[in-house]
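What the coordinates show
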Amino acid sequence: MTVVNARSLQQALEALRVHPGAKLVQGGTDLMVEVNFNRTSITDVVALRLVNELRRWHVDEESRSIRIGAGVPYAEMERAPLAHLVPALAQAARTVGSPQIRATGSLGGNLGTCSPAGDGLPVLSALDAIVHLQNLDSIRDVSIHDFMVGVKKNVRKSDEVIVAVTLPLRTGVQGYAKVGTRNAMVISAASACLVHDSTAGSVRLALGAVAPTVVRARAAEAWLASTTPLVGSPRITSAIAKEFGQRAAVECSPIDDHRSTAAYRRHAIAVLAERLLMRADASAGGAANG
Ligand SMILES: Cc1cc2nc3c(=O)[nH]c(=O)nc-3n(C[C@H](O)[C@H](O)[C@H](O)COP(=O)(O)OP(=O)(O)OC[C@H]3O[C@@H](n4cnc5c(N)ncnc54)[C@H](O)[C@@H]3O)c2cc1C
């Protein structure tokens, strides 16, 4: 086995070319579990931990967007200044594993594993993120919706590194919530991310752990937009929030497994979507951010 400790993105890309099929490792919080349980066999490893380019983020004021390196750890996302820029991402980051996992786990790893229960992915979906992939020859930008293609399957090619994601900076309330078998250190049985864009007047809702990939509740989003003015601070009645939740629940295709039942997951989505929308209500003061 060869282990390459890449010190730059260029070195990582070169190592992937020299060792085709090598496994990338960032925090190792997914990969090492797979190794320990003999679920994956590894010949060569390219470690990304020392690649500083992957651990940076920056705001582009002109396009009002933020580019977050694939190796930025959750611990950085959960606190200011990132938490103020993308509140839903901070809320999701705070729910991941334990402080030890958040100190090293990354969005690159969440995308690389591509589990529908990955807590970062509903946020990327609700914000229509762009995933940036790079190999030695080219860079390509893929919509998050095209990136995820099945349970733990994505369109990344074996010689590519996920280098970053770009997210728009939105004004309006954002929220992330998940349900699991206990309150902490738990993989989602169902999760949801809601993003209100108070300038464009839209609400986006992404659902996790209730379909082969994270999915958007597009029919519920469209119904809400046709029912309620969403520019500025919306007035969300409890009846509207309830119906929104019920409509969202229809849009997922959950299964029974060791974490939950399909019926409970569908119920959980209705409740999560309803609660997240109520937090965007003007009269409630939109207290969810931060
Ligand atoms: C105790 C425990 C609790 C956990 N709790 C949660 C939780 O609550 N929520 C949650 O979502 N996850 C959880 N996880 C899973 C894991 O922490 C996350 O998925 C995390 O985002 C993985 O990031 P990482 O950097 O450690 O990935 P790694 O383990 O390094 O990599 C994961 C996969 O992605 C690939 N990869 C990594 N970086 C790149 C890159 N830049 N380009 C291309 N491919 C790449 C690797 O080859 C590998 O296939 C938990 C794990 C543990 C062990």
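For the structure, see preceding data.
Residues numbered from 1 in each chain as written. Predicted model: local features only at pLDDT ≥ 70, side-chain atom pairs only at ≥ 80, totals over all residues. Heavy atoms only, no water.

1. A few points about the sheet that holds strand S14 (residues 215-216)
What the four strands build is an open sheet, ordered S11-S12-S13-S14; its pairing is antiparallel. The open sheet has two edge strands, strand S11 (174-179) and S14, and neither has a second partner. As paired elements, strand S12 (residues 190-197) and strand S13 (residues 202-208) share seven bridges and run antiparallel to each other. Residue pairing in the sheet places Ala192 in a bridge with Leu207 of S13. Seen against the sheet, helix H5 (residues 87-95) touches S11 and S12 and runs at an angle of roughly 25 degrees to S11. Helix H12 (residues 262-279) contacts S11, S12 and S13 of the sheet and is inclined by roughly 25 degrees relative to S12. (Pairing = 2+ DSSP bridges. Helix = DSSP H or I, 4+ residues; strand = E, 2+ residues; numbered from the N terminus. Contact = heavy atoms within 4.5 Å. Axes fitted to C-alpha atoms, helices over the stretch in contact; angles between N-to-C directions.)

2. Section: the site of the ligand
Around the ligand sit 34 residues in total, of which Leu24, Thr29, Asp30, Tyr74 and Asp119 are the nearest. At 3.3 Å, a backbone N or O of Val186 approaches an oxygen atom of the ligand. With the chains in place, 89% of the 970 Å² that the ligand exposes on its own is no longer accessible. At the level of secondary structure, the elements contributing two or more residues to the shell around the ligand comprise strand S2 (23-25), helix H2 (31-36), helix H6 (99-104), helix H7 (107-113) and strand S10 (161-168). At five residues, H7 tops the list of elements feeding residues into the shell around the ligand. Classifying every residue of the shell around the ligand by side-chain character gives 14 nonpolar, 15 polar and five charged. (Near = heavy atom within 4 Å. Polar contact = N/O pair within 3.5 Å; in protein donor to acceptor, adjacent residues only side chain to side chain. Areas by Shrake-Rupley, 256 points an atom, 1.4 Å probe, with all protein chains shown as cover. Nonpolar A, V, L, I, M, F, W, Y, C, P; charged D, E, K, R; others polar.)

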